[in-house]
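Descriptive analysis of the structure
So the chains spell out like this:
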Amino acid sequence: MQYFMKTLNLDLGNKSYPIHIGQDLLTQADLLTQHIQGRQVMIVTNTTVAPLYLAKVKALLALFTVAEVILPDGEQYKTLDTVNEIFTALLTARFDRSCTLIALGGGVVGDMTGFAAASYQRGVNFIQIPTTLLSQVDSSVGGKTGVNHPLGKNMIGAFYQPKCVLIDVDTLDTLDDRQYSAGMAEVIKYGLLGNVDFLLDLQQNIDALMHRDKALIIKAVYQSCTDKANIVAQDELESGKRALLNFGHTFGHALENTLGYGTYLHGEAVSVGMLMAAELSALEGLINDEEVQQIKGLLQKAQLPVSINSKIDHQDFMNAMRVDKKAINGEIRLILMKKLGQAFIGNDYQQHNLEQVIKDFL
Ligand code: NAD
Ligand code: GLY
């Protein structure tokens, strides 16, 4: 059968791995099996994705001992308790250190499977098969794994790289429009933070992308993964540059945290957060109001929220912003914009400007 694929490599020395992006990849057994070292494979998925793609992935693994664990679906289940279900399934199946975990699903499944792989018997192999746009352009690449804690999002976790990322964009055919838009927020993020040409492409093609033109999707996923892989290759453990990938996320995480996980989708919260970061950059005199409006227009065309419709207490929001992995000694560090397509880690913004942005949005 004909299939179309582009491959890029995340260059991390002996932890390097390929990212395959294309159509009809879940019929290509070799793409997957060449990255499986032992005989035992545990597929981790959830109640929504299992009926859609589990049989297809299992069909690629005829020569292996395959078990599966089907987790409840939702950000509210991204917890240590749910990861424990993965450990229980692995132990019940008597899987040893040579086993491979396959994450089949969106970012929630991917983050938890990666974390389980990082800690089961002190580390076993894992492979990402991301099935949401957000997980295809962001969470499956770069090795951030983990779970939420009631006091902070993604606060418990590990850096742990997969052996391969297999992105079949055909899986997006079953993704609903709201989730698709949420993923588009992270695509737009790459344009805003460091790739002005990509931003211009997105501004030009956003309508066709929202109509799910497959060739444009592949191009956007490939460009997003390329930009992310370049940054991660330079700063795997986020001691510097990788923090740029959190553009809009300090505001976004605070939104998710104060409203309760699941009220806003992650990408939706990031959309509002990116606009808040843009407004702060404008108040700091770094970009102009017209540029802020351009960003807002692009997010709106991607059917993303650009304001907050629920009541949030100002102090609660500030407190939530301080529970951020970029914060140092309670000091909130933010990603700001110098100009469109160029973000930087801003530590010396004016506190009253931050207060103003939060007041405007809350
Ligand atoms: P998700 O995993 O909750 O998936 C969204 C919904 O789509 C779920 O209901 C899921 O079951 C469903 N779904 C998945 N694939 C589908 C398909 N092909 N067809 C139909 N439905 C499908 O959410 P997400 O947006 O993929 O990921 C968000 C999570 O990713 C958050 O927890 C966030 O913190 C995390 N994240 C991690 C990183 C990282 O670097 N590790 C980066 C960004 C986000
Ligand atoms: N999603 C941000 C990162 O991977 O660093």
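Residues numbered from 1 in each chain as written. Chains lettered and ligands numbered in written order. Predicted model: local features only at pLDDT ≥ 70, side-chain atom pairs only at ≥ 80, totals over all residues. Heavy atoms only, no water.

1. A look at the overall build of the protein
Heads up, the condition is: The secondary structure listing takes helices from DSSP runs of H or I that are at least 4 residues long and strands from runs of E that are at least 2 residues long, numbered from the N terminus. With C-alpha atoms as the basis for the radius of gyration, the globule rule is written as 2.2 Å multiplied by the number of residues raised to the power 0.38. Exposed residues in this analysis have more than 50% of their type's maximum accessible area, buried residues have under 20%, and partly exposed residues fall in between, with area computed by a 1.4 Å probe over protein chains only. Whether two residues touch is decided by their heavy atoms; if any such pair falls within 4.5 Å, the residues are in contact.
Along the backbone of the protein there are 13 helices and 11 strands. For 362 residues, the compact-globule estimate of 2.2 N^0.38 gives 21 Å, and the C-alpha radius of gyration of the protein, at 20 Å, lies within 12% of that figure. Along the longest, intermediate and shortest principal axes, the C-alpha atoms of the protein span 60 × 40 × 35 Å. In the protein, buried positions account for 57% of the 362 residues. Relative to all contacts within the protein whose residues are 6 or more apart in sequence, the contacts with residues 24 or more apart total 75%.

2. Description of the UniProt feature "binding site: Zn(2+)" (unreviewed entry) in the protein
Formally: UniProt positions are given in the numbering used here, feature names are shortened, and annotations may be inferred rather than shown by experiment.
What UniProt calls "binding site: Zn(2+)" (unreviewed entry) maps, in this numbering, to Glu 186, His 249 and His 266. Spanning 81 residues, the named residues nonetheless gather at one spot, since no C-alpha pair among them exceeds 10.2 Å. In this structure, Glu 186 sits in helix α6 (residues 177-194). On the accessibility criterion, Glu 186 (0% relative accessible area) is buried. Once you skip the residues sitting within four places of it in the chain, Glu 186 turns out to touch Leu 134, Val 137, Asp 138, His 249, His 266 and Val 270. Non-local contacts of His 266, meaning those with residues more than four positions away in its chain, are made with Leu 134, Lys 153, Glu 186, His 249, His 253 and Glu 256.

3. Comments concerning the pattern of salt bridges
Note the threshold: Take a side-chain nitrogen of Lys or Arg and a carboxyl oxygen of Asp or Glu: if they are within 4 Å of each other, that pair is a salt bridge.
Scanning the model with the defined rule gives 12 salt bridges in all. Of the charged contacts in the structure, one is a salt bridge between Glu 186 and Lys 189, with a shortest N-O distance of 3.0 Å. On the criterion of helical spacing, the pair formed by Glu 186 and Lys 189 is a turn pair, its members being 3 residues apart in helix α6. On the basis of relative accessible area, Lys 189 is assigned to the buried category, the value being 1%. Among the ionic pairs, Lys 219 bridges to Asp 201, the shortest N-O distance being 3.7 Å. On the criterion of sequence distance, the pair formed by Lys 219 in helix α8 (residues 214-234) and Asp 201 in helix α7 (residues 196-210) is long-range, its members being 18 residues apart. Here the salt bridges do not stand alone but share partners, grouping Asp 138, Glu 186, Lys 189 and Lys 228 into one network.

4. Regarding the site of ligand 1
Quick note on the threshold: Definition of nearness: a residue and a molecule or strand are near each other if at least one heavy atom of the residue lies within 4 Å of the molecule or strand. Here a polar contact means two N or O atoms within 3.5 Å. Within protein one must be a hydrogen donor candidate and the other an acceptor candidate, and residues neighboring in sequence count only if both atoms are side-chain atoms. Areas reported here follow the Shrake-Rupley algorithm with a probe of radius 1.4 Å; residue values treat only the protein chains shown as occluding.
If you check the shell around ligand 1, you find 26 residues, and the closest are Asp 73, Glu 75, Thr 131, Thr 132 and Thr 174. Measuring from an oxygen atom of ligand 1, one finds a side-chain N or O atom of Asp 73 at 2.7 Å. Between ligand 1 and Asn 154 there is a distance of 3.2 Å, counted from an oxygen atom to a side-chain nitrogen or oxygen. Relative to its unbound accessible area of 860 Å², ligand 1 is 90% covered by the protein chains. When residues of the shell around ligand 1 are traced back to their parent elements, those giving at least two are α2 (50-59), α4 (107-119), α5 (133-139) and β8 (152-159).

5. Things to note about the UniProt feature "domain: 3-dehydroquinate synthase N-terminal" (unreviewed entry) in the protein
Per the UniProt record, the feature "domain: 3-dehydroquinate synthase N-terminal" (unreviewed entry) sits at residues 69-181. Secondary structure within residues 69-181 divides into 34% helix and 29% strand; the distance between the first and last C-alpha atoms comes to 28 Å.

6. Remarks on unusual backbone geometry
A positive phi angle is found at Arg 122, which is not glycine, with a value near 65°. Relative accessible area serves as the criterion here: at 78%, Arg 122 is assigned to the exposed category. We note that Glu 238 has phi near 55°; this positive angle belongs to a residue other than glycine. Here Glu 238 shows up in the loop between α8 and α9 (249-259).

7. Some words on the side chain of Asp 170
In this structure, Asp 170 sits in the loop between β9 (165-168) and α6. Within the structure, Asp 170 has its side chain in polar contact with the side chain of Gln 23 (distance 3.0 Å). There is a polar contact of 2.8 Å between the side chain of Asp 170 and the backbone nitrogen of Asp 24. Leave out the neighbours within four places in its chain, and Asp 170 touches Gly 22, Gln 23, Asp 24, Tyr 53 and Lys 214.

8. What about the packing of helix α10 (residues 266-283) against helix α13 (residues 351-361)?
Two measures define how a pair of helices packs: the angle their axes make with one another and the distance between the axes. Selection rule: Each axis is a line fitted through C-alpha atoms, and for a helix only the stretch in contact is used; angles between axes span 0 to 180 degrees, taken between their N-to-C directions. Under this scheme an angle from 65 to 115 degrees is roughly perpendicular, one under 35 degrees roughly parallel, and one over 145 degrees roughly antiparallel; angles in between are oblique. A crossing counts as left-handed when the near helix is turned anticlockwise from the far one by less than a right angle, and as right-handed when that turn is clockwise. Gly is placed with the polar residues, together with every amino acid not listed as nonpolar (Ala, Val, Leu, Ile, Met, Phe, Trp, Tyr, Cys and Pro) or charged (Asp, Glu, Lys and Arg).
At a minimum axis distance of 9 Å, the contact between α10 and α13 shows a crossing angle of 135°. With respect to α13, the axis of α10 lies oblique. The handedness of the crossing between α10 and α13 comes out as right-handed. From α10, Val 272, Leu 275, Met 276, Glu 279, Leu 280 and Leu 283 reach across to α13, where they touch Asn 353, Leu 354, Gln 356, Val 357, Ile 358, Asp 360 and Phe 361. Broken down by class, the residue content of the contact of α10 with α13 amounts to 9 nonpolar, 2 polar and 2 charged.

9. Comments concerning the pairing of strand β7 (residues 144-149)
In summary, the side chains of a regular strand alternate between the two faces of the sheet. Rules: Only strands joined by at least two bridges in the DSSP assignment are considered to pair.
Across 5 bridges, the pairing between β7 and β8 is antiparallel. Bridging from a neighbouring strand, Gly 146 pairs with Gly 157 of β8. The hairpin turn running from β7 into β8, its antiparallel successor, is 2 residues long.

10. Structural notes on the site of ligand 2
Every residue lining ligand 2 is accounted for by Asp 138, Lys 144, Lys 228, Glu 238, Arg 242 and Leu 245. Side-chain polar atom of Lys 144 to an oxygen atom of ligand 2: 2.8 Å apart, as the coordinates give it. In this structure, Lys 228 approaches ligand 2 through a side-chain N or O atom, which is 2.6 Å from an oxygen atom. If ligand 2 stood free it would expose 200 Å²; the protein chains cover 90% of that surface. Split into classes, the residues belonging to the shell around ligand 2 amount to 1 nonpolar, no polar and 5 charged.

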